[in-house]
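# Results of the structural survey
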Amino acid sequence: MSAFLPVLFVAIGISVVVFGVLQAFNVRGTVTRRVARNHKKLELIHQASGRLDPVFVPFFGTAGYLRFLGAVLIPVGAVMSLAGCMLLLRS
């Protein structure tokens, strides 16, 4: 078996864990900035269409959802990198 696939699994798993930690713990305000950008974009679209009612932010654009998604990504990336390590040890 080629060692490329297990190394790829480990690299992607580690990057997913890092991304999940950044999102879940809101490191350096990443989630806050993303939510602010999404809200501003929705406001501009809302104003351009001439609507006067308040802007509706969907559930998928809230900070809580993005932080939950980051918390889900942490164990997924850990399992992926663990699987890559097991494949490396096996070959």
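Along each chain, residues carry numbers from 1 onward, in the same order as the chain's sequence is written. Given that the model is predicted, a residue must reach a pLDDT of at least 70 before its local features are reported, and side-chain atom pairs must reach 80 or more before they are shown or counted; all residues, however, enter totals for whole chains, interfaces and linings. Values shown for side chains rest on all heavy atoms present in the structure; no hydrogens or waters enter the calculation.

## Things to note about the overall build of the chain
Note the cut-off: Here a helix means four or more residues in a row that DSSP labels H or I, a strand means two or more in a row labelled E, and each is numbered from the N terminus. All radius of gyration figures rest on C-alpha atoms, and the globule criterion is 2.2 Å times the number of residues raised to 0.38. Relative accessibility under 20% of the residue-type maximum defines a buried residue, over 50% an exposed one, and the middle range a partly exposed one, all with a 1.4 Å probe and only protein chains included. Note on definitions: a residue-residue contact is assigned when non-hydrogen atoms from the two residues lie within 4.5 Å. Residue-level accessible areas treat just the shown protein chains as cover; the underlying method is Shrake-Rupley with a 1.4 Å probe.
In terms of helices and strands, the chain carries 3 helices and 0 strands. Helices and strands in the chain line up, N terminus first, as α-α-α. Radius of gyration (C-alpha) of the chain: 19 Å, far over the 12 Å computed for a compact globule of 91 residues. Principal axes of the C-alpha set define a box for the chain whose edges measure 65 × 25 × 20 Å. Counting the 91 residues in the chain, one finds 18% classified as buried. Long-range pairs, those at least 24 residues apart, make up 73% of the contacts in the chain with a sequence separation of at least 6. A total accessible area of about 6,500 Å² is found for the chain, and carbon and sulfur atoms account for 74% of it.

## A closer look at the packing of aromatic side chains
How we decide: To pair, rings of Phe, Tyr and Trp, with the six-membered ring standing in for Trp, must have centres within 6.5 Å; the planes then decide the type, stacked if under 30 degrees apart, edge-to-face if over 60, and tilted in the middle.
A full pass over the atoms with the stated rule returns 3 aromatic pairs. Between the aromatic rings of F59 and F60, the centroid separation amounts to 5.9 Å while the plane-to-plane angle is 65 degrees, which identifies the pairing as edge-to-face. Across this residue pair, the class does not change: F59 and F60 are exposed.

## Thoughts on the packing of helix α1 (residues 4-24) against helix α3 (residues 63-90)
Angle between the axes and distance between the axes are the two parameters that describe a pair of packed helices. Condition: Helix axes are fitted to C-alpha atoms over the stretch in contact, other axes to C-alpha atoms as well, and angles between N-to-C directions run from 0 to 180 degrees. The scheme is simple: roughly parallel for angles under 35 degrees, roughly antiparallel for over 145, roughly perpendicular for 65 to 115, oblique for anything else. Note: crossing handedness is left-handed where the near helix turns anticlockwise from the far helix by less than a right angle, and right-handed where it turns clockwise. Following the grouping adopted for this structure description, the nonpolar residues are Ala, Val, Leu, Ile, Met, Phe, Trp, Tyr, Cys and Pro, the charged ones are Asp, Glu, Lys and Arg, and the polar ones are all others, Gly among them.
It is the contact of α1 with α3, at a shortest axis distance of 7 Å, that shows an interaxial angle of 160 degrees. Taken as axis vectors, α1 and α3 run roughly antiparallel relative to one another. Helix-helix and strand crossings are classified by hand; for α1 and α3 the assignment is left-handed. When grouped by side-chain class, the residues that make up the contact of α1 with α3 number 21 nonpolar, 7 polar and 1 charged.

## Focus: unusual backbone geometry
Of note, the phi angle at N26 is positive, near 50 degrees, even though the residue is not glycine. Its location among the elements puts N26 in the loop between α1 and α2 (30-48). Unlike most non-glycine residues, R28 shows phi in positive territory, near 55 degrees. Inspection of the secondary structure assignment puts R28 in the loop between α1 and α2.

## Comments concerning a nonpolar patch on the surface
Just so we agree on the cut-off: The patches reported here contain residues having more than 30% relative accessible area and no salt bridge. Joining distances are 9 Å for like charges and 5 Å for nonpolar side chains (Val, Leu, Ile, Met, Phe, Trp, Tyr). Here a salt bridge means any side-chain nitrogen of Lys or Arg lying within 4 Å of a carboxyl oxygen belonging to Asp or Glu.
Where nonpolar side chains cluster on the molecular surface, the patch consists of I14, V18, L22, F25 and V27 and spans about 430 Å² of accessible area. Relative to the assigned elements, V27 resides in the loop between α1 and α2. The class for V27 is partly exposed, based on a relative accessible area of 32%.

## Re the side chain of Q23
Looking at where Q23 falls in the secondary structure, it is placed in helix α1. According to the relative accessible area criterion, Q23 is buried, its value standing at 6%. Aside from chain neighbours lying at most four places away, what touches Q23 is T30, V31, R34, L66, R67 and G70.

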